[in-house]
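# Analysis of the macromolecular model
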Amino acid sequence: MSKLDVLTPQNCQMIFIDHQPQMAFGVQSIDRQVLKNNVVALAKAAKVFNIPTTITTVETESFSGHTYPELLAVFPDHPLLERTSMNSWDDQKVRDALAKNGQKKVVVSGLWTEVCNNTFSFGAMAEGGYEIYMVADASGGTSKEAHDYSMQRMIQAGVVPVTWQQVMLEWQRDWARRDTYDAVMAIVREHSGAYGMGVDYAYTMVHKAPERVEHGPKLDPVAAG
């Protein structure tokens with residue numbers, strides 16, 4: 001495998017690490033609502049492209065709380081691989097799940113960048129021979145410095161930094177791929193901010209597509225007085 005390879009639905013797998021409330025409470029490197037938006041968007045994209053996906057949790061009952069319900073709603077049948085270790089690589093269930101999925105390129109979204117993401121990446125690379133693609137805007141650290149320097153440390157070790165929309169569009173690659181086009185555009189319209197608003201505008205105003213939601217009647221202007 002080469003880092004020059006573009007990510008495809010066939011050459012990678014996905015892992016979400018510890019997207020739980022107590023972990024999110026400590027995040028200061030990114031707005032936490034933006035973080036959750038990005039995580040859920042990435043999860044929806046992984047589902048659209050049938051990316052093998054692993055979800056890990058740590059100390060759910062005693063400390064961290066339950067995984068974002070919006071993330072669980074995307075993968076309602078996935079097992080949650082509970083751990084005590086901060087490092088997912090230390091848990092045999094996680095190693096077995098990655099090995100079963102088979103692909104050596106692993107796309108990672110997790111909390112916190114400087115702990116769980118770092119240690120998992122180094123272990124998976126050193127002992128498992130995996131290539132790690134760290135989704136920087138679907139991960140968070142306890143400060144901007146903690147996140148940024150952890151990303152730099154991982155990059156120095158060979159981790160590839162990516163963002164959630166970049167990953168999704170690499171999976172799509174060609175807008176002529178109609179089997180996933182509509183689903184990808186639905187994710188864009190809901191989760192991609194101004195880009196999504198622009199797509200809504202183009203669909204409805206230029207191409208005269210119906211609006212995404214039904215709503216009440218639009219009443220004509222009436223001058224007051």
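Residues numbered from 1 in each chain as written. Predicted model: local features only at pLDDT ≥ 70, side-chain atom pairs only at ≥ 80, totals over all residues. Heavy atoms only, no water.

Before going further, it helps to examine the sheet that holds strand β6 (residues 160-162). Two orientations exist for strands paired in a sheet by backbone hydrogen bonds: parallel and antiparallel. The strand order across the open sheet built from six strands is β3-β2-β1-β4-β5-β6, with neighbouring strands paired in parallel fashion. Each edge of the sheet is formed by a strand with only one pairing partner; in this case those strands are β3 (80-83) and β6. Within this sheet the neighbouring strands show an average axis-to-axis angle of 25°, counted without direction. Pairing of strand β5 (residues 131-135) with β6, which is carried by three bridges, proceeds in the parallel orientation. Bridging across to β6, Val135 finds its partner in Val162. (Pairing = 2+ DSSP bridges. Helix = DSSP H or I, 4+ residues; strand = E, 2+ residues; numbered from the N terminus. Axes fitted to C-alpha atoms, helices over the stretch in contact; angles between N-to-C directions.)

Time to look at a nonpolar patch on the surface. A contiguous nonpolar patch, built from Leu169, Trp175 and Tyr195 and spanning about 260 Å² of accessible area, is present on the exposed surface. For Tyr195, the location among the structural elements is in helix α10 (residues 193-206). On the basis of relative accessible area, Tyr195 is assigned to the partly exposed category, the value being 36%. (Patch = residues over 30% accessible without salt bridge, like charges linked within 9 Å, V, L, I, M, F, W, Y side chains within 5 Å. Areas by Shrake-Rupley, 256 points an atom, 1.4 Å probe, with all protein chains shown as cover. Salt bridge = Lys/Arg side-chain N within 4 Å of Asp/Glu carboxyl O. Buried < 20%, exposed > 50% of the residue type's maximum accessible area, 1.4 Å probe, protein only.)

Here we take up the packing of helix α6 (residues 113-128) against helix α7 (residues 144-157). At a minimum axis distance of 9 Å, the contact between α6 and α7 shows a crossing angle of 10°. Our classification of the angle between α6 and α7 gives roughly parallel. Packed against α6, whose contacting residues are Thr113, Glu114, Asn117, Asn118, Ser121, Phe122 and Met125, the element α7 presents Ala146, His147, Ser150, Met151, Arg153, Met154 and Ala157 at the interface. Residues that form the contact of α6 with α7 fall into these classes: six nonpolar, six polar and two charged. (Parallel < 35°, antiparallel > 145°, perpendicular 65-115°, else oblique. Contact = heavy atoms within 4.5 Å. Nonpolar A, V, L, I, M, F, W, Y, C, P; charged D, E, K, R; others polar.)

With that settled, consider the packing of aromatic side chains. By the definition in use, this model includes four aromatic pairs. Ring centres of Trp175 and Tyr181 lie 5.5 Å apart, and the angle between their planes is 80°; this geometry places the pair in the edge-to-face category. A residue is classified by how much of its surface remains accessible, and Tyr181, at 16% relative accessible area, is buried. One Lys or Arg, Lys104, reaches over the ring of Tyr130 and ends 4.2 Å from the middle of that ring. Lying over the aromatic face of Tyr181, Arg178 brings its terminal NZ or CZ to 4.0 Å of the ring centre. (Phe/Tyr/Trp six-rings, centres within 6.5 Å; stacked < 30°, edge-to-face > 60°. Lys NZ or Arg CZ within 6 Å of the ring centre and 35° of its normal.)

Moving on to the nonpolar core. Leu42 and Trp171 are the most contacted members of the largest nonpolar core, which has 40 residues in total. Setting aside chain neighbours within four positions, we find Trp171 in contact with Leu7, Thr8, Pro9, Cys12, Leu42, Ala45, Ala46, Phe49, Ile51 and Arg177. The next biggest cluster of nonpolar side chains, apart from the first, holds 18 residues, and it includes Ile15, Trp89, Ala97 and Val108. (Core = buried A, V, L, I, M, F, W, Y, C linked by side-chain atoms within 4.5 Å.)

Cis geometry is adopted by the peptide bond preceding Trp112, which originates at Leu111 and carries an omega value of -10°. By the secondary structure assignment, Trp112 is in the loop between β4 (105-110) and α6. For Lys208, which is not a glycine, the phi torsion comes out positive at approximately 60°. With respect to the helices, strands and loops of the structure, Lys208 is situated in the segment after α10.

Before going further, it helps to spend a moment on the side chain of Asn11. With respect to the element layout, Asn11 can be found in the segment before β1 (12-17). Among the polar contacts made by the side chain of Asn11, one reaches the main-chain carbonyl oxygen of Val6 at a distance of 3.0 Å. (Polar contact = N/O pair within 3.5 Å; in protein donor to acceptor, adjacent residues only side chain to side chain.)

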